[in-house]
Amino acid sequence: SKEQGRNNICFFSPAQHEAVLSRYRIAGLLHQALENNEFFMVYQPQIDVATGELIGAEALIRWYSPQLGQVSPEVFIPVAEDAGLIEAIGYWALEQSIKEAAGWGRKGLRFKLSVNFSARQFQRGEVANRLLALLHEYQLPTALFVVELTETCFMQCAEATERELVRMRAQGVRIAIDDFGTGYSSLSYIRNMSLDMIKIDRSFISQIDGAGTGGRLVQAMIDMSHAMKLEVVAEGVESAEDLDVLKQLGCDQAQGYHIARPMPASDLEGWAFSYKAE
Ligand code: C2E
Ligand code: CA
Ligand code: CA
Ligand code: CA
């Protein structure tokens, strides 16, 4: 009918229509991406702010699609979550990064590996067992592994998540809350959950230089975390000034383009050896 026709036309703006189409397209292509080996991992170094020492690396997934080119994880991770593909992709990323970290470990490089987990991976209640089995299989010490998860994980199924975190921590794995400050975190969550570290989102770090209140806000986050015996990691450190301010504020660890961009494992090894030589 005329009515329906009008509704069809008005339902999406051209831009929205485009976005929906590309989400479908991405979901379709994601289905084959694992089999076709289109994913790879990159690693971003993390340093101790006080000493400058290299202490860890965060694993970040990359997708090169022959049809779409390089697609940002900010675009495809949410699509994978909706399409029910995140478990498979998440476990691929986990095993691949543990395998690569074990490789640099054998070359004498000892630093932590941090891996991002999606809330969905915590819903089945076997994530701790699977993680511990992989660490055992590749002989990566549990004390060198950090689970990064966002506030959403804590909100969505707090009890199931907490059970898994307790199991992981009992074996020495550490837990970081990611993108801190961007979600609906309440202090009570942070106080009650099994946590070791807080990662301050880069949207806050980009505000710490200059005359505004940004520095004081980050100072408050750091002090609050320390009061709860949590370590603080700053992400998105883009300049020497940022790093300097963070040092003054007592921040524990930092990562960002100023220190190094994310890079493949083979490059990280070379980077780490020359960084150590300084
Ligand atoms: P995130 O966990 O907050 O990761 C930090 C993001 O900031 C990364 O983007 C990193 O490349 C970028 N970054 C690092 N230093 C700087 C800097 O100095 N300046 C700026 N502007 N950006 C910086 P990336 O790699 O595109 O990842 C985006 C998001 O995708 C991640 O945010 C994370 O939420 C998600 N993600 C990435 N890999 C995985 C994964 O294996 N599994 C899951 N579930 N999510 C992932
Ligand atoms: Ca992260
Ligand atoms: Ca972030
Ligand atoms: Ca800035």
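Everything below is about the structure shown above.
As the structure is a prediction and not an experimental result, all values here were calculated from the model.

Those protein atoms acting as donors to the calcium ion (ligand 2) are Glu-58 (OE), Asn-116 (OD1), Glu-148 (OE), Asp-178 (OD) and Asp-178 (OD), and they sit at 2.2 to 3.1 Å. Coordination of the calcium ion (ligand 2) draws on donor residues from a single chain, spaced E-x57-N-x31-E-x29-D in sequence. Between the calcium ion (ligand 2) and the calcium ion (ligand 3), the interatomic distance is 5.8 Å. With Asn-116 in strand β4 (residues 112-116) and Glu-148 in strand β5 (residues 145-150), this residue pair connects regions lying 32 residues apart in the sequence. Glu-148 gets classed as buried once you look at its relative accessible area, which sits at 1%.

We now examine the nonpolar core. Ranked by size, the top nonpolar core spans 83 residues in total, and within it Leu-30, Ile-98, Leu-113, Phe-145, Val-147 and Met-168 carry the most contacts. Looking at this core, the element that brings in the most residues is helix α4 (residues 86-106), giving 9 residues. With near-sequence residues (within four places) excluded, Leu-30 lies in contact with Phe-39, Trp-63, Phe-76, Val-79, Ala-80, Leu-85 and Ile-89.

Moving on, we come to the site of ligand 1. Surrounding ligand 1, one finds 21 residues, the nearest of these being Gln-44, Arg-62, Arg-202, Glu-238 and Tyr-257. In the environment of ligand 1, a nitrogen atom lies 3.0 Å from a nitrogen or oxygen atom belonging to the backbone of Ile-61. A distance of 3.4 Å separates an oxygen atom of ligand 1 from a polar atom in the side chain of Glu-235. In isolation ligand 1 exposes 810 Å². Once the protein is present, 87% of that is buried. When each cavity is represented as a set of grid points, ligand 1 is found to reside in the largest pocket. Among the elements of the structure, β2 (54-65), α3 (73-82) and β6 (174-180) are those that each provide at least two residues to the shell around ligand 1. Here the shell around ligand 1 gets 4 residues from one element, more than from any other, and that element is β2. For the shell around ligand 1, a count of residues per class yields 9 nonpolar, 5 polar and 7 charged.

A few words now on the environment of Thr-150. Relative to the helices and strands, Thr-150 resides in strand β5. The class for Thr-150 is partly exposed, based on a relative accessible area of 25%. Residues Thr-150 and Glu-87, 63 residues apart in the sequence, show an inter-C-alpha distance of 16 Å.

A separate point is empty space enclosed by the protein. Tallying each qualifying case throughout the model produces 2 cavities of 30 Å³ or more. Of the voids in this model, the second largest cavity is the one considered here, and its volume is about 40 Å³. As for the second largest cavity, its lining consists of Gln-46, Lys-112, Ser-114, Val-146, Glu-148, Ala-176, Met-197, Lys-199, Val-233 and Gln-253. Considering only residue class, the lining of the second largest cavity consists of 4 nonpolar, 3 polar and 3 charged.

So, about the pattern of salt bridges. A full pass over the atoms with the stated rule returns 9 salt bridges. The residue Lys-199 makes a salt bridge to Glu-148 at a minimum N-O spacing of 2.8 Å. Residue Lys-199 is located in strand β7 (residues 197-200), and its partner Glu-148 is located in strand β5; the two are separated by 51 residues in the primary sequence. The pair Lys-199 / Glu-148 is uniform in exposure class, with both members buried. Between Glu-231 and Arg-174 there is a salt bridge; the shortest N-O distance is 3.0 Å. Linking Glu-231 in strand β8 (residues 231-234) with Arg-174 in strand β6, this pair joins segments that are 57 residues apart in sequence. On the basis of relative accessibility, which here comes to 23%, the residue Arg-174 falls in the partly exposed class. One network of salt bridges, with partners in common, ties together Glu-58, Glu-148 and Lys-199.

Taking 1.5 Å of rise per residue, the 13 residues of helix α7 (residues 158-170) would be expected to cover 18 Å, and the 18 Å separating its terminal C-alpha atoms lies within 8% of that figure. The set of residues buried in α7 consists of Ala-160, Thr-161, Glu-164, Leu-165 and Met-168. Seen from one end, α7 has its buried residues packed into an arc of 130°, which puts them on one side. Pointing more than 90 degrees away from the buried face of α7 are the exposed residues Glu-159 and Ala-170. Those residues of α7 that are buried lie in contact with α5 (127-137), β5, α6 (151-156) and β6. Two residues or fewer past α7, Gly-172 is found with a positive phi of approximately 100°.

Counting buried residues in β5 gives 5 out of 6 residues, a clear majority hidden from the surface. Of the pairings in the sheet, the one linking β4 to β5 comprises 4 bridges and is parallel in character. By the bridge assignment, Asn-116 is partnered in β5 with Glu-148. Handedness of the crossover joining β4 and β5 through α5: right-handed. Strand direction decides the pairing type here: β5 and β6, joined by 5 bridges, are parallel. From the neighbouring strand, Leu-149 faces β6, where its bridge partner is Ile-177.

What counts, and where the lines are drawn
- Residues numbered from 1 in each chain as written.
- Chains lettered and ligands numbered in written order.
- Predicted model: local features only at pLDDT ≥ 70, side-chain atom pairs only at ≥ 80, totals over all residues.
- Heavy atoms only, no water.
- Donors = N, O, S within 2.8 Å, 3.2 Å for Na, K, Ca; no water.
- Helix = DSSP H or I, 4+ residues; strand = E, 2+ residues; numbered from the N terminus.
- Buried < 20%, exposed > 50% of the residue type's maximum accessible area, 1.4 Å probe, protein only.
- Core = buried A, V, L, I, M, F, W, Y, C linked by side-chain atoms within 4.5 Å.
- Contact = heavy atoms within 4.5 Å.
- Near = heavy atom within 4 Å.
- Polar contact = N/O pair within 3.5 Å; in protein donor to acceptor, adjacent residues only side chain to side chain.
- Areas by Shrake-Rupley, 256 points an atom, 1.4 Å probe, with all protein chains shown as cover.
- 1 Å grid on protein atoms, 1.4 Å probe; cavity = no way out; pocket = protein on both sides within 12 Å on 5 of 7 lines; lining within 4 Å.
- Sits in = over half its atoms within 2 Å of the grid points.
- Nonpolar A, V, L, I, M, F, W, Y, C, P; charged D, E, K, R; others polar.
- Points joined across faces, edges and corners; volume = space filled by probe spheres on them.
- Salt bridge = Lys/Arg side-chain N within 4 Å of Asp/Glu carboxyl O.
- Expected span 1.5 Å × (residues − 1).
- Arc of directions from axis to C-beta.
- Pairing = 2+ DSSP bridges.
- Right-handed = clockwise from strand over helix to strand, strands pointing away.

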